[in-house]
Amino acid sequence: MMKISEVINLTYEDLLIESDKNNLITKEKELPISKGRIKGNRIAINKSLSETEKKCVLAEELGHYHTTNGNILDQSSVSNRKLEQRGRIYAYNKLIGIMGIVRAFENGCQTICEAAEYLEVTEEFFSDALQYYKQKYGTYVKIDNYAIFFEPSIAVMETYI
C-alpha cells in the first residue's frame, strides 16, 4: 500500500499531456492582461510566467474546460463568478487537495511557503486553496488519521483515534 507521502506531484508537462488527451491545443504566448485563457478547444498560457505559475494556470484552465462552457470573462455577473470559482476549485483539488496538505506535513513542511514549494505550486495558489478549504470545511477537517486546522493558522496533527 502506498503511503500518502509517496504520491507524486503533477507537473506542468503532466497537465500538457492531459490537455492533449482531451484534444485541447495548448500554446504559450504573450497575453497582455491575463495569465491564461480557454476558448473552445484552445488554451493560451502566458509565456512569461514561471513553470510553477504555468502549472497552476493550466490546471485552472483545464478546470474551466471540465466544469464550464461559454464566455465567463464578464466577472460582474454572479453566475460567471461562480463558474470562475469552479475552475479554480478543480485546480486546487487537482494540484493540492486535502491529502496534499497532509503530504506536505508528512514531509516536514511547517510554513505556507514550504508547503507550496513542496507541492510545486505558487504561494498565492496554495493560500487561495487554503481559503477555499476553510470555507468548505470550516475551522478544521478530520481525514484518515489526521486533523487539518485552518484557524488560527494552518496546522496538521496526526490523530490516533
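Criteria and thresholds
- Residues numbered from 1 in each chain as written.
- Predicted model: local features only at pLDDT ≥ 70, side-chain atom pairs only at ≥ 80, totals over all residues.
- Heavy atoms only, no water.
- pLDDT = per-residue confidence, 0-100.
- Contact = heavy atoms within 4.5 Å.
- Helix = DSSP H or I, 4+ residues; strand = E, 2+ residues; numbered from the N terminus.
- Buried < 20%, exposed > 50% of the residue type's maximum accessible area, 1.4 Å probe, protein only.
- Core = buried A, V, L, I, M, F, W, Y, C linked by side-chain atoms within 4.5 Å.
- Axes fitted to C-alpha atoms, helices over the stretch in contact; angles between N-to-C directions.
- Parallel < 35°, antiparallel > 145°, perpendicular 65-115°, else oblique.
- Left-handed = near helix turned anticlockwise from the far one by under 90°.
- Nonpolar A, V, L, I, M, F, W, Y, C, P; charged D, E, K, R; others polar.

Quick look at the confidence of the model for the protein
Model confidence for the protein is summarised by a mean pLDDT of 88, while 86% of its residues fall at 70 or above. Below a pLDDT of 50 lies the segment residues 1–6, which in the model reaches 12 contacts outside its immediate sequence neighbourhood of four places, other chains included.

Things to note about the environment of Arg37
Within the secondary structure, Arg37 is located in strand 2 (residues 36–39). The class of Arg37 is partly exposed, set by a relative accessible area of 37%. When the C-alpha positions of Arg37 and Glu60 are compared, they lie 9.4 Å apart, and in sequence the two are 23 residues distant.

Quick word on the nonpolar core
Among the nonpolar cores identified, the biggest contains 36 residues, and Ile96, Ile101, Val121, Phe126 and Tyr133 are the most heavily contacted of them. Going through the elements one at a time, helix 1 (12–21), strand 3 (42–46), helix 2 (51–67), helix 3 (78–95), helix 4 (97–106), helix 5 (112–119), helix 6 (123–137) and strand 5 (146–149) are the ones with two or more residues in this core. Among the elements that make up this core, the one with the highest residue count is helix 6 (six residues). Apart from residues lying up to four places away in sequence, Val121 is in contact with Thr52, Lys55, Cys56, Leu95, Ile96, Ala116 and Phe126.

Comments concerning helix 4
Burial analysis of helix 4 places seven of its 10 residues in the buried class, which makes it a mostly covered element. Gly108 occupies a position one or two residues after helix 4 and carries a positive phi of about 85°.

Examining the packing of helix 4 against helix 6
The packing of two helices is summarised by the inter-axis angle and the distance between the axes. In the contact formed by helix 4 and helix 6, the axes pass within 11 Å of each other and the chain directions differ by 120°. In terms of orientation, helix 4 and helix 6 fall into the oblique class. Between helix 4 and helix 6 lies a crossing whose hand is left-handed. For the pair helix 4 and helix 6, contact is made by Gly97, Ile98 and Ile101 and by Phe126, Leu130, Tyr133 and Tyr137, respectively. Classifying every residue of the contact of helix 4 with helix 6 gives six nonpolar, one polar and no charged.

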